[in-house]
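If you want the building blocks of each chain, they are given just below.
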Amino acid sequence: NFMITLDGLQEQLLALVVKKERPDLEEQKMELIEQQNGFKLKLKELEDELLYRLASSQGDILADVSLIEGLERAKVTSNDINAKAVVAQQTEAEIAQSRKVYVPVAARGALTYFLIDQMWCLDHMYRFSMTNMVASFCKGMDAADTVMTEAEKADNKRAAKGKSEVLEEGEKDELEVRVARLVNTACYECVAYVSQGLFERHKLIFICQLCFRILAHAGTLQPEFFDFLLRAPVETGSDNPLSEWMDDRSWATVQALKQFELYERLPDELVGSAKRFREWYELDRPEESPLPGDWKKLSAFQTLLIIRALRPDRMTEALTIFARDMMGQKYVTSKAFDLVKSFEDANSATPVFFILSPGVNPVRDTERLAKTYKVGIEHGNFGLVSLGQGQEPVAEKVVQAGYMGGSWAFLQNIHLTPKWTGSWLDKRCDDLSAAHPDFRLFLSAEPAKLPVNLLQVCVKLTNEPPEGLKPNLLKNLAPFTDDFFDASAKPGELKSIVFGLSLFHAVILERKKFGPQGWNRNYPFNTGDLSSCAQVAMNYLESNPKIPWDDLKYIFGEIMYGGHVTDFFDRILVSTYLDAYMKDDILEGADIYPGFPSPPNALSTKDIREVLEATMPQESPIAFGLHPNAEIGFRMKQAETIFLNIRELQPRSGGGSGGMSALDKAKAALDDMVEKMPEAPDMLEVLEKLEERTPFVNVFLQEIERLGVLQEEILASLAELDLGLRGDLQMSERMESLQAALAEDRVPDTWTAKAYPSKRTLGTWFLNLLERNRQLSDWTVDTTLPKVTWLSGLFNPQS
């Protein structure tokens, strides 16, 4: 799977697009290429013939009639070829002009592939081959035909005649619509193919990075704005006049944002229009409301920078809205695991690879799929092997039998046999072209360092719970069909109970993201718990005239789900949720939480899902019974993780399109820190001032000593790097690591080793260091016991 340039891949994809949309053009182009190659061969033959005659000629050349005639023929042929070459060049230019309209389709495909090829930076499992990507690209172009308008069909029919006249205005519009449709369907098919193998936490990152690359390719993404969005630098030195409602970090970020001409009035307007900005700032969902004043006129991307500065906790939702508005709702809607649809991309040479998650068993789904193809263990054409010690020969036998005879093979947990997987299995999957057409190979493994080639050749699938309460609820309801409910004597009551169980399952899964506020411990709840509880509910409804709520709540909360729960307070939480959901009110359409009534149980399962899609309110902590501020912590962490991962996907070399290079960023950070770094308190001077060594004094002396060691390391390494950047010293590996860390806004490892524990970015870490230095410096003025001590500003707060 060799790497090619963006332009080279774009040209290859363009040939595929034109071959599908205008086969006449592609055929004409190939004929021209063959014709021109023929001209070159003919001229070479004439040249060789003349050279041979001249070399073998005897006597006077002018008297050699055959030679003169040969020269005349060569001249006539050469003139004829040159005339045809001129016509061919004109035709080639016309073909190129006609092909040019399809360039956006090929450009989008090339951009998408080069992003896909970089996704391994986030996880080793994200390896995708160009062959599979091109197949998805072609599949996406075919999908455009299913939604073609009559005008587009007529346009294609006209184009097939091979005419090269200039298009009329109406025809241009139709062709532009067709090209836009091709761009959309081809891009979405590639995105969907990749997304089915991504973990939930990386799907939004993938879509956002695709949006940013599309903007950059179009020349509308300003590099300095993009860099600010990723890093959110701060600028200290000015007091926060809005401290009553805005935190100091946001104000410092606004001060850094005003370096751009577009935002230079923002700090003053925040103060001047404080009331309006405060109303926007304190909204639960400010990203959905326009900014105050003229700031609402900013573009969607430019608005992201203000949200990044003022409400960083809402960046995940803001990015989702940005991607939705730019690409479409389907790009940001998490699709449920669908093995039947994903299986369409597999064939005898392309295995299916399940990336395992806790509580997921892909064997059951595969066996269910196999039954539709009359494949199974009972038919003798389905081999299932769970890898482990001594199972390698059994697995080889099953794979070889399927390879030759056309049966299916499923190898579980291939990460447990890394040596065998990296040798025999990798070689086998590398050459499946001669396999029986009916052969299908399924593999499963936990995320691990598996062979790159093995990962590339497979269709990768993940089956994690989707992010968000609504997607989780819809996924939980999906397995329950009308047939399941019709089998019960009380289908209406069963639907309400299953709905309550599905919501309960979604809530307890989504509570994990709140950290310690959600659960005291992590528990492996899975869909098996949900399906078992639904079956228990059906059985109890059959044998009881009334719904036995107490019995059901005990079985669900103490046995099925409660069997996972070990913490006393977590068991109380489970029981509390079940008390809220498992009661008669759920049968009557009562509100589950404010603004969300339970759907009528007389509806079909399809109608229930449609009602939920249309009426379920947007997720908020209130849906979990938590305070609205409960999500701020995890939202902040989630946003920082997203931007950190997007930074990982950026090119490491110099910045293009007017942006600062990595070297410039490192040099700017170096100069800024050297300028702002204060002197560490002098230990000898402090000791001379002391009258007695109290425990508090000893703590501060230890802190001063540790701070001095850290500042000495920082200044020494920065001075060394400065000499290296100026060319006075040869750059060492240590200096290059420091330069990379400064450019990427990371705290260098050599500093972390001598510093206090912290997960801050370099900019905020350095500001924090200055504040720690200030506290110690203030104490050294009179060395008396201070009225207030910033405990978390000490290296060792426990002391």
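Residues numbered from 1 in each chain as written. Predicted model: local features only at pLDDT ≥ 70, side-chain atom pairs only at ≥ 80, totals over all residues. Heavy atoms only, no water.

**Q** Just to check I follow, could you spell out unusual backbone geometry for this structure?
**A** Across residues other than glycine, the phi torsion is negative in most instances, and most of the peptide bonds are trans. A positive phi angle is found at Ala232, which is not glycine, with a value near 45 degrees. Within the secondary structure, Ala232 sits in the loop between helix H9 (223-231) and helix H10 (248-257). The phi dihedral of Thr783 is positive, around 55 degrees, even though this residue is not glycine. Of note, Thr783 is situated in the segment after helix H34 (762-782). (Helix = DSSP H or I, 4+ residues; strand = E, 2+ residues; numbered from the N terminus.)

**Q** Would you mind showing me how to read the pattern of salt bridges here?
**A** Side chains that differ in sign of charge can pair as their charged atoms come close. Under the criterion given, the structure shown has 38 salt bridges. Between Arg278 and Glu244 there is a salt bridge; the shortest N-O distance is 3.3 Å. Taken together, the positions of Arg278 in helix H12 (residues 274-281) and Glu244 in the loop between H9 and H10 put the pair 34 residues apart, joining distant regions of the chain. Glu558 is the salt-bridge partner of Arg571, the closest N and O atoms lying 2.6 Å from each other. Highlighted residues: Arg571 in helix H26 (residues 568-581) and Glu558 in helix H25 (residues 549-560), separated in sequence by 13 residues. Classification of Arg571 as partly exposed rests on a relative accessible area of 24%. In the salt-bridge network here, residues are joined through shared partners; they are Lys20, Glu21, Asp142, Asp145 and Arg178. (Salt bridge = Lys/Arg side-chain N within 4 Å of Asp/Glu carboxyl O. Buried < 20%, exposed > 50% of the residue type's maximum accessible area, 1.4 Å probe, protein only.)

**Q** What is the right way to read the confidence of the model for the protein chain from this model?
**A** Close reading of the predicted structure is inappropriate where its pLDDT is low. Averaged over all residues, the pLDDT of the protein chain is 87; the fraction at 70 or higher stands at 94%. Considering only residues more than four positions removed or in separate chains, one finds that residues 654-658, a stretch of pLDDT under 50, has seven contacts. (pLDDT = per-residue confidence, 0-100. Contact = heavy atoms within 4.5 Å.)

**Q** What's the story with the pairing of strand S2 (residues 382-386) in this structure? I'm lost.
**A** Along any regular strand the residues' side chains alternate between the sheet's two faces. Here S2 runs beside strand S3 (residues 408-412); their pairing, made up of five bridges, is parallel. Paired with Gly383 across the strands is Ala409, a residue of S3. With helix H18 (residues 392-405) bridging S2 and the parallel S3, this β-α-β connection has right-handed handedness. (Pairing = 2+ DSSP bridges. Right-handed = clockwise from strand over helix to strand, strands pointing away.)

**Q** Sorry if this is basic, but what is going on with the sheet that holds S3 here?
**A** Judged by pairing direction, the sheet is parallel, and its five strands sit side by side in the order S2-S3-S4-S1-S5 without closing on themselves. Every interior strand has two partners, whereas the edge strands, S2 and strand S5 (459-462), have only one. The mean inter-strand angle of the sheet, taken between neighbouring strand axes irrespective of direction, is 15 degrees. Across four bridges, strand S1 (residues 352-355) lies against strand S4 (residues 440-445) in parallel orientation. Counted as the bridge partner of Val352 is Phe442 from S4. (Axes fitted to C-alpha atoms, helices over the stretch in contact; angles between N-to-C directions.)

**Q** How do you make sense of empty space enclosed by the protein when you look at a structure like this?
**A** It is a probe the size of a water molecule, rolled over the atoms, that shows where empty space is left. Applying the stated criterion to the full structure yields five cavities of 30 Å³ or more. What lines the largest cavity is a set of 13 residues, among which Leu477, Phe485, Lys495, Thr605 and Ile608 lie closest to the centre. Contributions of two or more residues to the lining of the largest cavity are made by helix H23 (491-510) and helix H27 (605-615). Looking at which element gives the most residues to the lining of the largest cavity, the answer is H23, with four residues. In the lining of the largest cavity, the residues fall into eight nonpolar, three polar and two charged. (1 Å grid on protein atoms, 1.4 Å probe; cavity = no way out; pocket = protein on both sides within 12 Å on 5 of 7 lines; lining within 4 Å. Points joined across faces, edges and corners; volume = space filled by probe spheres on them. Nonpolar A, V, L, I, M, F, W, Y, C, P; charged D, E, K, R; others polar.)

**Q** Where do I start with the nonpolar core in this structure?
**A** Burial of nonpolar side chains together is a common tendency in soluble globular proteins. Ranked by size, the top nonpolar core spans 131 residues in total, and within it Phe212, Phe301, Phe353, Leu411 and Ile414 carry the most contacts. The biggest single contributor to this core is helix H7 (residues 169-195), with 11 residues. Residues in contact with Phe353, not counting those within four places in the same chain, are Met125, Ile414, Leu443, Ala445, Leu450, Leu455, Cys458, Val459, Lys460 and Leu461. Membership of the second largest hydrophobic core comes to 54 residues, among which are Leu501, Ala506, Val507 and Phe624. (Core = buried A, V, L, I, M, F, W, Y, C linked by side-chain atoms within 4.5 Å.)

**Q** Explanation requested: the packing of helix H8 (residues 200-218) against helix H14 (residues 315-327) in the structure shown.
**A** For any two helices packed against each other, one specifies the crossing angle of their axes together with the interaxial distance. For the pair H8 and H14, the least separation of the axes is 10 Å and the interaxial angle reads 55 degrees. By the angle class used here, H8 and H14 are oblique. Considering the relative orientation of H8 and H14, their crossing is left-handed. Facing H8, whose interface residues are Leu204, Ile207, Cys208, Leu210, Cys211, Phe212, Ile214 and Leu215, H14 presents Thr316, Leu319, Thr320, Phe322, Ala323, Met326 and Met327. The residue inventory of the contact of H8 with H14, partitioned by class, reads 13 nonpolar, two polar and no charged. (Parallel < 35°, antiparallel > 145°, perpendicular 65-115°, else oblique. Left-handed = near helix turned anticlockwise from the far one by under 90°.)

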